[in-house]
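This is what each chain is made of:
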Amino acid sequence: MTVRELMDKSVRLLRRAGIKSPRVDVDWLASDVFKYGRSELALHGHKMPTREQVDRMRKNINRRMDREPLQHILGISDFYGYEFRVSSAVLIPRPETETLVELALGFLQPLPSPVVFDLGTGSGCIAITLAKRCPGVKVIASDVSESALNQAKLNAETLDAIKQVEFREADGLAALAKGEQVDLIVSNPPYIPSGDIAGLQPEVRHYDPHLALDGGEDGLQFHRLLAADGQSRLKPGGQLMAEFGDGQESTIEGLFAQANWPSVEITNDLTGRPRIVIASAEQ
């Protein structure tokens, strides 16, 4: 069996298992096993794989057929052009969150030495990307999960951002000391209603940590905390930016308005869906 034949068989198996993008997934897995770039695979399709390569490819295809996320099998996920190591301890970075990073950078870059608080850092993708793209920034990255923080620290070390990011194990805004204020609070908090988790796709339901998904009965548990207490944690003129789920925009806008934030905006993600709330503190 050649590399091409093994890949074609793998595509058929994933397609029968209901995987949405079988060819793309096989290209990623084959690139990892055979150590060729994905654009180079066709040039080497005639070659004969080793027994070890065949066994590894079959094992990884079986994992994908069991709906384990591709990123977990590869151990990495691309976010904003950087490779982040991921595991079952952290939420896999989503493309939608890159919009949150873009907005944060736009706010931070004019500031001389800004301080950011990343609530629920997970893999560290937001905190580390901000550190990489905004050299003068200091980021406080918190998570209630020790395992997630360990993963984030590893990513910060690998991506040479460890000097700019301070990691704190804490629940929510408790990560900030009494009286401590920052220029920007940024977060991709849990926002799935508890009752909806059972209906999520298997890759999410079975492999993403529920701690990073479950936003309480209506999915807005963390947004209520941010709306109620976030403004007191910001310097004058500071901003809070947080991601939210489909259909939650009106309620979230109301939460922040009721908490007397001077300015509340809703911004769309790359797909055109309302995804991010931007709330500004008093000047």
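Above: the structure in question.
Residues numbered from 1 in each chain as written. Predicted model: local features only at pLDDT ≥ 70, side-chain atom pairs only at ≥ 80, totals over all residues. Heavy atoms only, no water.

**Q** Please give an account of the overall build of the chain that cites residues and values.
**A** Broken down by element type, the chain carries ten helices and nine strands. Taken over the C-alpha trace, the chain has a radius of gyration of 21 Å; the compact-globule value for 283 residues is 19 Å, and the two agree within 12%. Across the 283 residues that make up the chain, the buried fraction comes to 52%. Accessible surface, the chain as shown: approximately 13400 Å² in total, 48% of it carbon and sulfur. When the 32 positive and 39 negative side-chain charges of the chain are each reduced to one mean point, those points stand 9 Å apart. (Helix = DSSP H or I, 4+ residues; strand = E, 2+ residues; numbered from the N terminus. Rg over C-alpha atoms; globule rule 2.2 N^0.38 Å. Buried < 20%, exposed > 50% of the residue type's maximum accessible area, 1.4 Å probe, protein only. Areas by Shrake-Rupley, 256 points an atom, 1.4 Å probe, with all protein chains shown as cover. Lys, Arg positive; Asp, Glu negative; His and termini not counted. Charge placed at Lys NZ, Arg CZ, Asp CG, Glu CD.)

**Q** Describe unusual backbone geometry, and please don't skip the residues or the numbers.
**A** One non-glycine residue, Arg67, lies in positive phi territory at about 75°. Take Arg67: it is sitting in the loop between α3 (51-65) and α4 (70-74). By relative accessible area, which is 22% here, Arg67 ends up partly exposed. A positive phi angle is found at Tyr80, which is not glycine, with a value near 55°.

**Q** Residue-level account of the sheet that holds strand β6 (residues 182-187), with values.
**A** The strand order across the open sheet built from seven strands is β5-β4-β3-β6-β7-β9-β8, with neighbouring strands paired in mixed fashion. In this open sheet, the two strands that pair with only one neighbour each are β5 (165-169) and β8 (263-268). The sheet shows a mean angle of 20° between the axes of neighbouring strands, taken without regard to direction. Bridge count between β8 and strand β9 (residues 274-280): six bridges; the pairing is antiparallel. Pairing of Glu265 across the sheet is with Ile278, part of β9. (Pairing = 2+ DSSP bridges. Axes fitted to C-alpha atoms, helices over the stretch in contact; angles between N-to-C directions.)

**Q** Can you break down the pattern of salt bridges residue by residue, with the values?
**A** Applying the stated criterion to the full structure yields 16 salt bridges. Across the salt bridge formed by Glu68 and Arg63, the nearest N and O atoms sit 2.7 Å from each other. With relative accessibility at 14%, the residue Glu68 sits in the buried group. Residue classification places Arg63 among the partly exposed residues on the basis of a relative accessible area of 26%. Measuring nitrogen to oxygen at the nearest pair gives 2.8 Å for the salt bridge that ties Asp246 to Arg275. Within this pair, whereas Asp246 is found in the loop between β7 (234-243) and α10 (249-258), its partner Arg275 is found in strand β9, the two being separated by 29 residues in sequence. The class for Asp246 is exposed, based on a relative accessible area of 53%. One network of salt bridges, with partners in common, ties together Asp25, Arg64, Arg67 and Glu203. (Salt bridge = Lys/Arg side-chain N within 4 Å of Asp/Glu carboxyl O.)

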